[in-house]
Amino acid sequence: MQYQEREEDNSKFEEIQQSQTTSIAAEDPLQNLCLASQEVLQKAQQNGRSRCLKCGGSRMFYCYTCYVPVENVPIEHIPCVKLPLEIDIIKHPNETDGKSTAVHAKLLAPEFVNIYTYPCIPEYEEKDHEVALVFPGPKSVSVKDISFHLQKRIQNVRSKNDDPDKPSIKRKKTEEQGLNDSKCEDTTLKKIVFIDSTWNQTNKIFTDERLQGLLQVELKTRKTCFWRHQKGKPDTFLSTIEAIYYFLVDYHTDILKEKYKGQYDNLLFFYSFMHQLIKNAKCPGNKETRKLTR
């Protein structure tokens, strides 16, 4: 009887513990990330600013102009993240470089990320069946519906290119064949575009005709942890690096249909460290004495 009671108590304790862990994770989504050691950032923070080996500028952790770590943050100690697709970031010319989180993506996934300063925008017109733009709006779709909408775009293009003299039955078979082929090849999302600016400045870039033809995708279920969150905006308006990270997590589970095991967590390598720094600084008496746990 005592053994059974002890088992019941242990079971209740585990339920409470699991509930508390879930609650903490919901409050702080950066809590359980699979990150590389941030010891190099801890040491750099203690030593202060360092020199950029490219431009010579004095920076903390990395140079936001050259997109490289500074001298006291050896590049071999910085994680390199492999992404499933390419990322283009269109940065507003008035966006303050030192406050932008877009550079984190370029630092941590340099082979997959490109940053352009508006009005410089790549040409997407001929590739709108394999490129999408992450931006909220009435026409935006969820990540899980991307393939469906890209497939429709290809079907529409092929319908327009069909020979009108073909018999309708034959034309229908051609469309069905094209649709089946597109499932395997043409509907693969190859590039995703993000806008890097304050929310009040995004309209100028978003309304550019070069982006108007792209499929819009919205991340509706995520909330920001950004310490520079803009007043008057909902907490679903994410910082650039948050948007990139959460998009990739959803893409991995909803499009690739694979279990997420932290493959892209290191995209938040710098972000989570800075978040913890600022969180600690807000605690009384902790500015100098509390050691970071990340």
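Everything quoted here is computed from the prediction, not taken from an experiment.

**Focus on the overall build of the chain**
Now for step 1: The secondary structure content of the chain amounts to nine helices and nine strands.
Now for step 2: When burial is assessed residue by residue, the chain has 41% of its 294 residues classed as buried.
Now for step 3: Considering only contacts within the chain whose residues lie at least 6 apart along the sequence, 72% involve residues at least 24 apart.
Now for step 4: Accessible area of the chain: about 17,400 Å², with a carbon and sulfur share of 47%.

**A short note on the pairing of strand E6 (residues 113-117)**
Now for step 1: Pairing of strand E5 (residues 86-91) with E6, which is carried by five bridges, proceeds in the parallel orientation. Its bridge partner being in E6, isoleucine 87 is matched across the sheet by valine 113.
Now for step 2: In the classification by handedness, the crossover that spans E5, the intervening helix H3 (residues 102-108) and the parallel E6 is right-handed.

**Details of the environment of alanine 243**
Now for step 1: Looking at the element boundaries, alanine 243 is found in helix H8 (residues 240-254).
Now for step 2: Exposure remark for alanine 243: the relative accessible area of 10% places this residue in the buried category.
Now for step 3: Each C-alpha atom of the pair alanine 243 and isoleucine 195 lies 10.0 Å from the other, and the pair is 48 residues apart in sequence.
Now for step 4: Discounting chain neighbours no more than four positions away, the residues touching alanine 243 are Phe194, Leu219 and Leu238.

**Topic: unusual backbone geometry**
Now for step 1: In this model, tyrosine 118 is joined to proline 119 through a cis peptide bond whose omega is 15 degrees.
Now for step 2: With respect to the element layout, proline 119 can be found in the loop between E6 and strand E7 (131-134).
Now for step 3: Residue lysine 257 is not a glycine yet carries a positive backbone phi of 60 degrees.
Now for step 4: As for its position among the elements, lysine 257 is in the loop between H8 and helix H9 (269-281).
Now for step 5: For lysine 257, a relative accessible area of 66% corresponds to the exposed category.

**A look at the side chain of aspartate 196**
Now for step 1: Take aspartate 196: it is sitting in strand E8 (residues 191-196).
Now for step 2: Of the buried charged residues, aspartate 196 lacks a salt bridge, with lysine 91 as the closest side chain of opposite charge at 5.8 Å.
Now for step 3: Of the polar contacts made by the side chain of aspartate 196, one reaches the side chain of serine 100; its length is 2.6 Å.

**A short note on the pairing of E7**
Now for step 1: Burial along E7 is two-sided: Val131 and Leu133 facing one way and Ala132 and Val134 facing the other are all buried.
Now for step 2: Pairing of E7 with E8 involves three bridges; the strand directions are parallel. Within E8, the position partnered with alanine 132 by the bridge is isoleucine 192.
Now for step 3: Looking at chain direction, E7 and strand E9 (residues 215-217) are connected through three bridges and run parallel. From the neighbouring strand, leucine 133 faces E9, where its bridge partner is glutamine 216.

**Section: the packing of aromatic side chains**
Now for step 1: With the rule as written, the count across this model stands at eight aromatic pairs.
Now for step 2: With a centroid separation of 6.0 Å and an interplanar angle of 25 degrees, the aromatic rings of phenylalanine 247 and tyrosine 251 are classed as stacked. Of the two residues, phenylalanine 247 and tyrosine 251 both sit in helix H8, four residues apart, roughly one turn of that helix. Tyrosine 251 matches phenylalanine 247 in its accessibility class, with the two residues each being buried.
Now for step 3: Relative to phenylalanine 270, the ring of phenylalanine 269 lies with its centre 5.3 Å away and its plane at 80 degrees, an arrangement referred to as edge-to-face. Each member of the pair phenylalanine 269 and phenylalanine 270 is classed as buried.
Now for step 4: Pairwise contacts between aromatic rings join Tyr62, Phe269 and Phe270 into one cluster.
Now for step 5: Of note, arginine 59 hangs over the ring of tyrosine 64, and the distance from its end group to the ring centre comes to 4.3 Å.

What counts, and at which threshold
Residues numbered from 1 in each chain as written. Predicted model: local features only at pLDDT ≥ 70, side-chain atom pairs only at ≥ 80, totals over all residues. Heavy atoms only, no water. Helix = DSSP H or I, 4+ residues; strand = E, 2+ residues; numbered from the N terminus. Buried < 20%, exposed > 50% of the residue type's maximum accessible area, 1.4 Å probe, protein only. Contact = heavy atoms within 4.5 Å. Areas by Shrake-Rupley, 256 points an atom, 1.4 Å probe, with all protein chains shown as cover. Pairing = 2+ DSSP bridges. Right-handed = clockwise from strand over helix to strand, strands pointing away. Lys, Arg positive; Asp, Glu negative; His and termini not counted. Salt bridge = Lys/Arg side-chain N within 4 Å of Asp/Glu carboxyl O. Polar contact = N/O pair within 3.5 Å; in protein donor to acceptor, adjacent residues only side chain to side chain. Phe/Tyr/Trp six-rings, centres within 6.5 Å; stacked < 30°, edge-to-face > 60°. Lys NZ or Arg CZ within 6 Å of the ring centre and 35° of its normal.

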